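# Close look at the chain arrangement
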Number of protein chains: 2
Amino acid sequence: MSEYRNMTKEQLLAEKANLEKSYADFKAMGLKLNMARGKPGPHQMDLAMDLLKMEDYTASDGTDARNYGNLEGLEEARALFADVMGVQPQNVFVGGNSSLQLMYFLVSIGYTFGFQDSPCPWSQVEKPKFLCPVPGYDRHFRITQEFGIEMINIPMSPEGPDMDMIEKLVAEDASIKGIWCVPQYSNPDGYTYSDETVRRFASMKTAAPDFKIFWDEAYIVHHLTDEIIETPVLLEESRKYGNEDRVFMFTSTSKITFPGAGVSALACSDNSMKYVCKRFEVMIISYDKMNQLRHVRFLKNKQGVLAHMQKHRRRLAPCFDAVKTTFAQELTPCGDIAHWTNPKGGYFISLYVMPGCAKRVAQLCKDAGLVLTGAGAAFPYGRDPEDSHLRIAPTYPSLDEVEKASVLLTVCVRLAVVEKLLEQAE
Amino acid sequence: MSEYRNMTKEQLLAEKANLEKSYADFKAMGLKLNMARGKPGPHQMDLAMDLLKMEDYTASDGTDARNYGNLEGLEEARALFADVMGVQPQNVFVGGNSSLQLMYFLVSIGYTFGFQDSPCPWSQVEKPKFLCPVPGYDRHFRITQEFGIEMINIPMSPEGPDMDMIEKLVAEDASIKGIWCVPQYSNPDGYTYSDETVRRFASMKTAAPDFKIFWDEAYIVHHLTDEIIETPVLLEESRKYGNEDRVFMFTSTSKITFPGAGVSALACSDNSMKYVCKRFEVMIISYDKMNQLRHVRFLKNKQGVLAHMQKHRRRLAPCFDAVKTTFAQELTPCGDIAHWTNPKGGYFISLYVMPGCAKRVAQLCKDAGLVLTGAGAAFPYGRDPEDSHLRIAPTYPSLDEVEKASVLLTVCVRLAVVEKLLEQAE
């Protein structure tokens, strides 16, 4: 097979006919596959079922975890998440089943009340803005969009977001109030920010005294290779420069135990903790401490978490491998029509197809029974300026299904590219 | 013993000396008692432990309750709460462990975005206001205070809040955006709104098109007598007048199963449900459906809930009885120095002492090791204009402790009143 970009119109037409036949065959199979969301599969959730076998709910401080109280979370739960995140227990707030909800609250608090270091609530800033490394996590962007906070795209590289651009923007513009980051195994590229990137986030000068880094460590222990990648801890790194109040770190067990019934956590400075608790205590008496205790007794500490994650890895690595191998086999021979990331952890692979083709690929997949995240979803306002990016989530389907879906996906990519090349040849 | 108000100064001084001796005896006991919060005791939580014995988490629609999804809650959980609240399942949203958090979100949504029927967000109204039947629930009032919403006191009676006053205010003032209500076994008086009161809430004309009734059915099945009191269902009643969009009903299992790890629910109109979900889906993917399923399998339906509540009642009724009996024995003979409510359900007894004495009583109790809710807490801004009200929560301590605490409390009331009468005699 020759490379697509070198094909004559006749060759492209012939290839199109071939691909349409393959596509029709897939369609005839009546598939129902979903690679849209970073959703663990049943075999992953089964790994944590022993967590439920617990009868005594007396916490280490002697209190009854079933009752009201303890807004910041159980002592032992704070210790567990401190261990995982590399911070001190007194800097950890343990929440409910959703770290997204913690992020939403914090944006909402910034917007409505401001933080302890805010000159005024963000709602009173003329045009409050957030920086958004792209591609990124759609649910992050939807929160800032909900509050009418303007979003500025920041290009990503394997080292992290473009720090030159970020440093320049935040130094100049006091209306830039924050940034969304997934520093380890980024959603969706799977990149891990370099030590230098983390250091620059910790030390950079910001025009806004209340600039906040939303540092979502969703995949901090979600390694897919033998390599246990660890980066400097932003909260501790920021302390060295007196900038610890700018950091909100998040994590959760959604992709460790149960996606819908895990435990979330926030890490922040002493000042921020004091302020955040003052706001949170108006909203809730305490989060579900029974679930916190179950998680602590089951996972124990960071070492226990890592041991558990190794079981996940055994089940996930083959699915990621299936996608990447199929891409290499089916797309590489077609020449420069697509490239993809090779994550060492996390939940996603980014697939970049020839500009102008991503939406068409997603539609073709959908029509053949394979649901992907909507093209463009990884960009603020759902707008991928290149119409090139697709996020692949290979965790939920079975390995057989992932194998089948990957082939179908490559057929759709090739078909969309051929269509586009023919269109351009007109 | 003659009535306090008829005593001479000498008699009062003698009585004071007696009481001070009793008080000193209590103090010497080094008590550590708490009747501050409506907190179930361990023996109540033990009743629900079988709820945890569950292994299969497949919901009735075949989905896996452990995973992401189903923002509005599991079908069977919506059906359970619909049965308890007397509404349709499609009008129920099942949340996390805190109905307070649902209330906070809704106020926050009204403030930041407004509702589907709002001319503008409440934050853009010059002086947004809420009506607050008093005494009421301190945590309700703190939410509206947090958002700078002005609170207007509405007097309570055994029939509910003063509806003449409410109807007049809401008809005239479009900046009045809502009201806090605990319609059944009100916090703290234990009154149940009359059918006529409910009907007037459903039918009244409001100047604000986006007026919202926060109808907190925290104690809807928390009967303390044989009588199963049921009132018209506000959401259904409002439908008759085309006013169903004004209603947000809340309930939770916090005082049915586990205070810190129960399940909360919201009931509202079709329009409101659609709007609320649109806002909520930005914040959270889904609440803890494993806990929802556990609750459904354990409680089954309203009949199951009522059967379970009968077990609570057996443990709580004696505690309420101890308080009321002690009050009658120790305070009634002193004449017109205090009166109290006689709730048929709920979690509290209101004690009204001679005006100007409540703060002093709470302080005396505290100094002798008995913590009460801060005097004034049941009023907006913590200000009881009469300094007369105390909220008694007899559920958490053991019966022995309640008996002891009640006697101590009456000693403190009598001492504070004698002090006040002596002061007035100066």
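Residues numbered from 1 in each chain as written. Chains lettered and ligands numbered in written order. Predicted model: local features only at pLDDT ≥ 70, side-chain atom pairs only at ≥ 80, totals over all residues. Heavy atoms only, no water.

As annotated in an unreviewed UniProt entry, chain A carries the name Aminotransferase class I/II-fold pyridoxal phosphate-dependent enzyme and comes from Gemmiger gallinarum.

## Re the domain arrangement of chain A
Residues and elements named next belong to chain A. On domain assignment, one finds that chain A holds domain 1 (4-44 + 310-425) and domain 2 (56-306). Taken over C-alpha atoms, the centre of domain 1 sits 31 Å from the centre of domain 2. Counting residues at the interface gives 27 residues for domain 1, matched by 32 residues for domain 2. Taken over both partners, the interface formed by domain 1 and domain 2 buries close to 2,500 Å², and the fraction arising from carbon and sulfur atoms is 56%. Looking only at domain 1, the three residues that lose the most surface to domain 2 are R313, K344 and Y381, adding up to 26% of its buried area. Here domain 1 is connected to domain 2 by three salt bridges. Between D226 and R313 there is a salt bridge, with its nearest N and O atoms 2.9 Å apart. Mapped by element, the contributors of at least two residues to the side of domain 1 that touches domain 2 are α11 (302-330), β11 (349-353) and β13 (389-392). (Domains from an automatic or database assignment. Contact = heavy atoms within 4.5 Å. Buried area = accessible area lost by both parts, 1.4 Å probe. Salt bridge = Lys/Arg side-chain N within 4 Å of Asp/Glu carboxyl O. Helix = DSSP H or I, 4+ residues; strand = E, 2+ residues; numbered from the N terminus.)

## Looking at the environment of B:Y241
Residue and element names in this part refer to chain B. Looking at the element boundaries, Y241 is found in the loop between α8 (234-239) and β8 (247-252). Accessibility expressed as a relative area gives 35% for Y241, which makes it partly exposed. Placed 74 residues apart in sequence, Y241 and E167 show a C-alpha to C-alpha distance of 15 Å. Those residues in contact with Y241 that sit more than four places away from it in its chain are R199, A202 and S203. (Buried < 20%, exposed > 50% of the residue type's maximum accessible area, 1.4 Å probe, protein only.)

## Quick word on the sheet that holds β11(A)
Residue and element names in this part refer to chain A. One open sheet holds the three strands; their spatial order is β10-β11-β13, and the pairing between them is antiparallel. Two strands lie at the open edges of the sheet, namely β10 (338-340) and β13, each paired on one side alone. The average undirected angle you get between the axes of adjacent strands in this sheet is 20°. Both β11 and β13 contribute to a ladder of four bridges, which runs antiparallel. When the bridges of β13 are listed, I349 appears paired with I392. Packing against the sheet, α11 makes contact with β10, β11 and β13, and its axis sits at approximately 20° to β11. (Pairing = 2+ DSSP bridges. Axes fitted to C-alpha atoms, helices over the stretch in contact; angles between N-to-C directions.)

## Observations regarding the packing of helix α5 (residues 138-146) of chain A against helix α9 (residues 270-283) of chain B
One can describe the packing of α5(A) onto α9(B) by two numbers: an axis separation of 8 Å at closest approach and a directional angle of 130°. For the element pair α5(A) / α9(B), the angle class is oblique. Along its contact with α5(A), which presents A:R139, A:R142, A:I143 and A:E146, the element α9(B) presents B:R279, B:E281 and B:V282. Residues of the contact of α5(A) with α9(B), tallied by class, amount to two nonpolar, no polar and five charged. (Parallel < 35°, antiparallel > 145°, perpendicular 65-115°, else oblique. Nonpolar A, V, L, I, M, F, W, Y, C, P; charged D, E, K, R; others polar.)

## Side note on the packing of helix α4 (residues 99-112) of chain A against helix α9 (residues 270-283) of chain A
Residues and elements named next belong to chain A. The geometry of α4 relative to α9 is characterised by a closest axis approach of 11 Å and an angle of 105° between their N-to-C directions. Accordingly, the angle class assigned to the pair α4 and α9 is roughly perpendicular. Between α4 and α9, the contacting residues are L102, F105, L106 and I109 on the first element and Y275, V276, R279, F280 and M283 on the second. In the contact of α4 with α9, the residues fall into eight nonpolar, no polar and one charged.

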